[in-house]
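Spelled out, the chains give:
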Amino acid sequence: MSAIIMDGKALGLKIRESVKLQAAGLKEKGIVPCLAVVLVGEDPASLSYVKSKEKALTEAGMESRDIRLPESTSEEKLLSIIEELNKDNKVHGILVQSPVPKHIDEEKVIAAVTPTKDVDCFHPVSVGNMILERQGFLPCTPHGVLKLLREYKIQIAGAHVVIVGRSNIVGKPLANLLIRKEYNATVTLCHTGTKDLKSHTLQADILISAVGRPNLIKPDMVKEGAVVIDVGINRVTDTSTSKGYKVCGDVDPAVAEKCGFFTPVPGGVGPMTIAMLLQNVIEAALKRRVYE
C-alpha cells in the first residue's frame, strides 16, 4: 500500500487566506494586527525561521514589528524591550525567537511576555489555561497537527495515539490536547527513558514523532495502515545540494509505503505551524478590540 500524503502546505494556505480576510476586516475598523518578532543574535536557523514568519505576516496583510538585537544584548535590556511591547496597544502578539544567547535566562523571557500577547503559548499561564481547558491561545505546532488530522477526517476518538518526544513545544501540549473530551484519544508519551520504543510505536493508530532525530522511525516500527505525523525538521549533510545539506524528518520516507496517511518533510506540519501562528495573532487582535 502507499500512504495518502497529508498536504500541510495546501491546508496552511487555506487557513492563511482566511486569516487575510479577517485582517482586512479589522483594517476597515482601524486595527492592523501586529506581531512583534524579537531576535537576539544571528543564529542561521533562527534567522531563516524569522524571515519566513515575517513574510507570512506581510502576505496576510498584518504588520511585522521586526526587532533585531545583537548577541551581546543583556538580559535586562531584552526584558525591558518586552515590557515596552507589553504596554504597546498597537502590538497584539509578541514572539521572542528561541534559542536566546546563553547569558539570558529563557524562562525569564518566556514569563515576561504578557499572556494576552503570548501567541506561542509558552507562558506558564497560557500552558495552565490550555491544560485546564480555559480560554486562551493554543500552541501553534500541536494545534496545526490537530487541524491536519481533522482536515483528513482521521478518527481520533478512541484511537491510540503514540507521541515520541516530550518537549514543552510539541510532545507535552499535544498529549494534553488529545486527551480533551473533544478529541478523546488514548495517549502514550514516549521519551528517552522509554524501554523498547518499537513495542510502543507498533501499537499506534496514530504515530507522532517530534524528537529531532533523522529517520528515527523505520517501517518495521509502524503498524500497517497507521497514521504517521512527522513533526521533526532536521538538517543532514548532503554534498549533492547547493546548500550542502537537506531537510528531513524523524520518519524514514519508506514508512509511507506501509502506513495509511503520512506527512512529508518539508510540506507537512511545518506550514501548519506558521498558519496557526497567524491565526493566534488575529485572535489576539480581535480580543484587544473587544477590550477597547
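Everything here concerns the structure above.
Residues numbered from 1 in each chain as written. Predicted model: local features only at pLDDT ≥ 70, side-chain atom pairs only at ≥ 80, totals over all residues. Heavy atoms only, no water.

Along its length, the protein carries nine helices and eleven strands. The C-alpha radius of gyration computed for the protein amounts to 19 Å, which stays within 12% of the reference 19 Å derived for 292 residues, consistent with globular compactness. Among the 292 residues that make up the protein, the fraction classed as buried is 47%. Counting only contacts in the protein whose residues sit at least 6 apart along the sequence, the fraction spanning at least 24 positions is 72%. Of the roughly 14,200 Å² of accessible surface on the protein, 53% is carried by carbon and sulfur atoms. Taking the 37 positively charged and 34 negatively charged side chains of the protein as two groups, their mean positions are separated by 3 Å. (Helix = DSSP H or I, 4+ residues; strand = E, 2+ residues; numbered from the N terminus. Rg over C-alpha atoms; globule rule 2.2 N^0.38 Å. Buried < 20%, exposed > 50% of the residue type's maximum accessible area, 1.4 Å probe, protein only. Contact = heavy atoms within 4.5 Å. Areas by Shrake-Rupley, 256 points an atom, 1.4 Å probe, with all protein chains shown as cover. Lys, Arg positive; Asp, Glu negative; His and termini not counted. Charge placed at Lys NZ, Arg CZ, Asp CG, Glu CD.)

On the surface, Tyr 49, Ile 233 and Val 247 cluster together into a nonpolar patch covering about 250 Å² of accessible area. Mapped onto the fold, Tyr 49 is located in helix 2 (residues 44-59). According to the relative accessible area criterion, Tyr 49 is partly exposed, its value standing at 39%. (Patch = residues over 30% accessible without salt bridge, like charges linked within 9 Å, V, L, I, M, F, W, Y side chains within 5 Å. Salt bridge = Lys/Arg side-chain N within 4 Å of Asp/Glu carboxyl O.)

Glancing now at the sheet that holds strand 4 (residues 93-96). If you trace the three strands from one edge of the open sheet to the other, you get 3-2-4, paired in parallel fashion. Two strands lie at the open edges of the sheet, namely strand 3 (63-69) and strand 4, each paired on one side alone. Between one strand and the next, the sheet's axes are offset by a mean angle of 15°, whatever the strand orientation. Here four bridges tie strand 2 (residues 34-40) to strand 4, and the two strands are oriented parallel to one another. Residue pairing for strand 4: Val 37 is matched across the bridge by Leu 95. On top of the sheet, helix 3 (residues 75-87) reaches strand 2, strand 3 and strand 4; it is set at about 165° to strand 3, its chief contact. (Pairing = 2+ DSSP bridges. Axes fitted to C-alpha atoms, helices over the stretch in contact; angles between N-to-C directions.)

Pairing is parallel in the open sheet, where six strands are placed in the order 1-11-8-7-5-6. Edge positions in the sheet fall to strand 1 (4-5) and strand 6 (186-190), since each has one partner strand and no second. Against the sheet, helix 7 (residues 171-178) makes contact with strand 5 (160-164), strand 6 and strand 7 (206-209), and its axis sits at roughly 170° relative to strand 5, the strand it touches most.

Okay, helix 5 (residues 124-131) next. Every buried residue belonging to helix 5 is among Ser 126, Asn 129 and Met 130, and all of these are buried. End-on view of helix 5: buried residues confined to an arc of 100°, all on one side of the axis. Taken together, the buried residues of helix 5 touch helix 7. Remark: Glu 133 follows helix 5 within two positions and exhibits a positive phi of approximately 60°. (Arc of directions from axis to C-beta.)

This paragraph deals with the packing of helix 6 (residues 140-151) against helix 7. Relative orientation of the contacting elements helix 6 and helix 7 amounts to 45°, with a least axis distance of 8 Å. Judged on the interaxial angle alone, helix 7 and helix 6 are oblique. For the pair helix 6 and helix 7, the crossing hand works out as right-handed. The residues of helix 7 that touch helix 6, namely those facing Pro 142, Val 145 and Leu 146, are Pro 173, Leu 174, Leu 177 and Leu 178. Split into classes, the residues belonging to the contact of helix 6 with helix 7 amount to seven nonpolar, no polar and no charged. (Parallel < 35°, antiparallel > 145°, perpendicular 65-115°, else oblique. Left-handed = near helix turned anticlockwise from the far one by under 90°. Nonpolar A, V, L, I, M, F, W, Y, C, P; charged D, E, K, R; others polar.)

This part covers the pairing of strand 7. Burial along strand 7 is two-sided: the residues Ile 206 and Ile 208 and Leu 207 and Ser 209 are all buried. Across four bridges, strand 5 lies against strand 7 in parallel orientation. Its bridge partner being in strand 7, Ile 163 is matched across the sheet by Ile 208.

So, about helix 7. Most of helix 7 is tucked away, with six of its eight residues classed as buried. Every buried residue of helix 7 is accounted for by Gly 171, Pro 173, Leu 174, Ala 175, Leu 177 and Leu 178. On the buried face of helix 7, the contacting elements are helix 5, helix 6, strand 5, strand 6 and strand 7.

As for its placement among the helices and strands, Gln 155 is situated in the loop between helix 6 and strand 5. By relative accessible area, which is 58% here, Gln 155 ends up exposed. Sequence separation between Gln 155 and Asp 252 is 97 residues, and the spatial gap between their C-alpha atoms is 24 Å. A distance of 3.0 Å separates the side chain of Gln 155 from the backbone oxygen of Ala 157, its partner in a polar contact. (Polar contact = N/O pair within 3.5 Å; in protein donor to acceptor, adjacent residues only side chain to side chain.)

In this section: the side chain of Glu 75. Along the chain, Glu 75 falls in helix 3. Each residue touching Glu 75, except ones within four places of it in the same chain, is listed here: His 103, Ile 104, Asp 105 and Lys 108.

Cis geometry marks the peptide bond from Ser 98 to Pro 99; its omega dihedral reads 5°. Within the secondary structure layout, Pro 99 lies in the loop between strand 4 and helix 4 (106-112). For the peptide bond that leads from Val 265 to Pro 266, omega is 0°, which places it in the cis range. Examined against the element boundaries, Pro 266 turns out to sit in the loop between strand 11 (261-262) and helix 9 (269-291). Of note, the phi angle at Lys 153 is positive, near 55°, even though the residue is not glycine. Structurally, the position occupied by Lys 153 is in the loop between helix 6 and strand 5. Within the chain, Asn 184 stands out as a residue other than glycine whose phi angle is a positive 60°. Inspection of the secondary structure assignment puts Asn 184 in the loop between helix 7 and strand 6.

Nothing here speaks to function; it is geometry throughout.
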